[in-house]
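Inside the fold
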Amino acid sequence: MVGRRPGHRFPPAPAATLVSSTPSTTFEIGYCTNVHAGTDLPAIRNNLSRYAVAVRQKLDTQRLGVGLWIPDQASRELIDGGLAEFREFLQTNQLTAFTINGFPFANFHGESVKQRVYLPTWQSRERLEYTERLATILAGLLDEDQSVGSISTLPIGWPENPFTAASGDRGNREQSGEHFRQLVKSLQQIEQDTGKRIVVAIEPEPGCLLDTVEDIVEFFDAELPEAAHRRYLTVCHDICHSVVMNEPQREVIERYGQAGIGIGKVQVSSAIVADWSEIPEERYADALTQLGEFAEDRYLHQTGQLDASGTFRLANDLPELLRETTPEQLESARQWMIHFHVPIFLESLGYLSTSRNDVLECLEAVRSADAQLEFTGHLEVETYAWTVLPESMRQRGLADDIASELQWLTEQL
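Rules and cut-offs
Residues numbered from 1 in each chain as written. Predicted model: local features only at pLDDT ≥ 70, side-chain atom pairs only at ≥ 80, totals over all residues. Heavy atoms only, no water. Domains from an automatic or database assignment. Contact = heavy atoms within 4.5 Å. Buried area = accessible area lost by both parts, 1.4 Å probe. Salt bridge = Lys/Arg side-chain N within 4 Å of Asp/Glu carboxyl O. Polar contact = N/O pair within 3.5 Å; in protein donor to acceptor, adjacent residues only side chain to side chain. Nonpolar A, V, L, I, M, F, W, Y, C, P; charged D, E, K, R; others polar. 1 Å grid on protein atoms, 1.4 Å probe; cavity = no way out; pocket = protein on both sides within 12 Å on 5 of 7 lines; lining within 4 Å. Points joined across faces, edges and corners; volume = space filled by probe spheres on them. Helix = DSSP H or I, 4+ residues; strand = E, 2+ residues; numbered from the N terminus. Buried < 20%, exposed > 50% of the residue type's maximum accessible area, 1.4 Å probe, protein only. Phe/Tyr/Trp six-rings, centres within 6.5 Å; stacked < 30°, edge-to-face > 60°. Pairing = 2+ DSSP bridges. Core = buried A, V, L, I, M, F, W, Y, C linked by side-chain atoms within 4.5 Å.

1. Section: the domain arrangement of the protein chain
- What the domain assignment reports for the protein chain is domain 1 (28-269 + 344-412) and domain 2 (275-330).
- Centre-to-centre separation of domain 1 and domain 2, based on C-alpha positions: 28 Å.
- Taken together, the contact between domain 1 and domain 2 spans 27 residues of the former and 22 residues of the latter.
- Roughly 2,100 Å² of surface becomes buried between domain 1 and domain 2 when both sides are summed, with 62% attributable to carbon and sulfur atoms.
- Of all residues in domain 1, the largest losses of buried area upon contact with domain 2 belong to Lys-114, Tyr-351 and Leu-352, amounting jointly to 33% of the total for that side.
- Ionic pairing is found between Asp-317 and Lys-114, a salt bridge with its closest N-O pair at 2.7 Å.
- Taken together, domain 1 and domain 2 are joined by twelve residue pairs in polar contact (both at pLDDT 80 or more).
- A breakdown of the residues in the side of domain 1 that touches domain 2 according to their chemical character gives 15 nonpolar, eight polar and four charged.

Here it is, written out as structure tokens:
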């Protein structure tokens with residue numbers, strides 16, 4: 001890395017199958033469509049026609065799995081009579097909806113999203129009712145041979161969110177627990193009526209009220225202890241988020257199994273890593289400059305920091321951290337892990353690296369997990385940040401980029 005910045009290597013996208021099996025696990029693979037802007041049903045259909053169909057054609061696969069992002073407005077349109085037509089649209093275009101990203105409620109592509117993405121929180125009935133709509137929608141979209149669908153959701157909310165007066169106290173957790181228990185009743189009724197089990201997967205995220213595996217275990221033990229709760233309420237393991245919190249992938253997967261918490265889906269994502277112990281000191285300034293290319297204003301880029309003693313701390317956002325950091329202050333630093341979803345097949349980014357090895361470790365962990373862990377097998381590539389990556393990393397079409405990620409993931413399995 002001394003004195004140069006290697007180019008980014010993008011693999012080709014030859015033919016692939018988007019269902020992969022091992023002796024113990026069948027994986028269903030798709031990409032998360034929250035990479036596309038649009039909050040109403042016409043925009044969603046247009047994005048799927050323009051991009052998802054193109055991805056399927058580039059991969060030369062008969063069907064393509066998609067993780068739908070259905071914001072609040074589109075969820076109301078589907079419930080109000082648009083569901084049958086949308087199901088037919090997916091079938092005609094050979095797209096399989098097996099999972100929904102129910103985390104972003106409203107516009108995920110505004111000029112500045114930041115902590116707004118954590119609203120409404122699970123303390124609000126608005127979040128509960130939105131998720132109930134998504135569950136009804138997904139049950140109506142699953143193919144006949146699909147018995148289980150998954151929906152990811154936020155980990156309660158962001159404490160002391162600057163965009164709301166609500167706080168992050170214990171009362172928020174208790175009220176959120178009550179709303180999750182009410183959700184279980186709705187999911188039970190859906191399974192009774194349709195035969196489809198929809199699991200809602202709580203997604204720990206750095207800085208949120210639940211941001212580590214132990215936070216999740218504590219919340220489930222306190223608020224969702226019953227087997228009936230855990231039949232429908234699970235965890236969404238986002239690999240990038242876990243990396244930022246300095247959590248070893250295999251240990252996290254094993255901990256969920258030990259705690260009796262199922263994994264509703266794994267979001268396959270990769271973080272940026274600044275390994276200061278490997279970067280020459282005379283290049284610290286250059287590495288900070290390169291990190292500045294990722295310090296954009298739309299999304300929150302929480303950054304986990306390890307120092308030479310092994311002490312961990314979390315910065316809320318990369319731009320703020322960069323403004324406060326000089327090259328001289330990095331002498332005692334070991335590593336930064338940045339919440340910026342980069343292409344999962346990339347191993348290096350100039351002076352920086354990625355957490356691709358953690359992706360591989362997680363895949364091996366879920367593939368070899370014992371029967372103690374209940375896992376749907378749902379794998380969703382969630383590189384939603386393609387549109388805010390530095391221009392040098394966006395020299396091809398979006399469909400090509402998404403296809404390359406899916407191809408790489410399929411090859412690893």
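2. Here we look at empty space enclosed by the protein
- For the coordinates displayed, the defined rule picks out six cavities of 30 Å³ or more.
- Looking at the largest cavity, its volume works out to about 160 Å³.
- If you go around the largest cavity, you meet 19 residues; those closest to its centre are Phe-108, Val-117, Glu-205, His-339 and Tyr-384.
- Residues that form the lining of the largest cavity fall into these classes: nine nonpolar, five polar and five charged.

3. Considering the environment of Thr-39
- By the element assignment, Thr-39 lies in the loop between strand S2 (26-32) and helix H1 (41-59).
- Overall, the relative accessible area of 24% leaves Thr-39 in the partly exposed class.
- Through-space distance from the C-alpha of Thr-39 to that of His-109 is 9.4 Å; in sequence the pair is 70 residues apart.
- Dropping the residues within four chain positions of it, Thr-39 is found in contact with Trp-69, Pro-71, Gln-73, Ala-74, Ala-106 and Asn-107.

4. Topic: the environment of Leu-119
- Along the polypeptide, Leu-119 turns up in the loop between strand S4 (95-101) and helix H3 (125-141).
- Once the C-alpha coordinates of Leu-119 and Ile-239 are considered, the two residues, 120 residues apart in sequence, prove to be 22 Å apart.
- Among residues more than four places away in sequence, those in contact with Leu-119 are Phe-105, Arg-127, Asn-161, Phe-163 and Thr-164.

5. Observations regarding the packing of aromatic side chains
- Counted under the stated rule, the structure contains 14 aromatic pairs.
- Each ring, one from Tyr-118 and one from Trp-158, has its centre 5.4 Å from the other, and the planes form 15 degrees; the classification is stacked. Residue Tyr-118 is located in the loop between S4 and H3, and its partner Trp-158 is located in the loop between strand S5 (148-153) and helix H4 (170-194); the two are separated by 40 residues in the primary sequence. Of the two residues, Tyr-118 and Trp-158, both sit in the buried class.
- One aromatic cluster in this structure is built from Trp-69, Phe-108, Tyr-299 and Tyr-384.

6. Some details on the pairing of strand S6 (residues 197-202)
- Of all six residues making up S6, six are buried, and the element is well covered by its neighbours.
- Alternating residues of S6 divide into Arg-197, Val-199 and Ala-201 and Ile-198, Val-200 and Ile-202, and every residue in both groups is buried.
- As defined by bridge partners, S5 adjoins S6 across six bridges and the pair is classed as parallel. Counterpart to Thr-153 in the pairing with S6 is Ile-202.
- Note that S6 and strand S7 (residues 233-238) share three bridges and pair parallel. The residue of S7 that forms the bridge with Ala-201 is Thr-234.

7. A short note on the layout of surface pockets
- What the second largest pocket holds in volume is close to 320 Å³.
- Tallied by class, the residues present in the lining of the second largest pocket amount to seven nonpolar, seven polar and five charged.

8. Some details on the nonpolar core
- Core analysis: the largest hydrophobic core is formed by 132 residues, its most contacted members being Tyr-31, Leu-68, Phe-86, Trp-276, Leu-291 and Trp-336.
- Counting contributing residues, this core receives three or more from each of domain 1 (28-269 + 344-412) and domain 2 (275-330).

9. Points about the sheet that holds strand S13 (residues 348-349)
- The strand order S11-S10-S12-S9-S14-S13 describes an open sheet built from six strands, whose pairing is antiparallel. In this open sheet, the two edge strands, each paired with only one partner strand, are strand S11 (312-315) and S13.
- Both strand S10 (residues 303-307) and strand S12 (residues 333-342) contribute to a ladder of five bridges, which runs antiparallel. Following the sheet pairing, Thr-303 is matched in S12 by Ile-338.

10. Regarding the pattern of salt bridges
- Taken as a whole and judged by the stated rule, the model has 16 salt bridges.
- Here Arg-133 makes a salt bridge to Asp-72, at a shortest N to O gap of 2.5 Å. Of this pair, Arg-133 sits in helix H3 while Asp-72 is found in helix H2 (residues 72-92), placing the two residues 61 residues apart along the sequence. The exposure classification of Arg-133 matches that of Asp-72, with both residues buried.
- Counted as one network, the salt bridges with shared partners bring together Asp-72, Arg-76 and Arg-133.

11. What to know about helix H8 (residues 249-259)
- Of all the residues in H8, the buried ones are Gln-249, Val-252, Ile-253, Tyr-256, Gly-257 and Ala-259.
- Taken together, the buried residues of H8 touch helix H5 (213-223), helix H6 (227-232), S7, helix H7 (239-244), strand S8 (263-268) and helix H11 (356-367).

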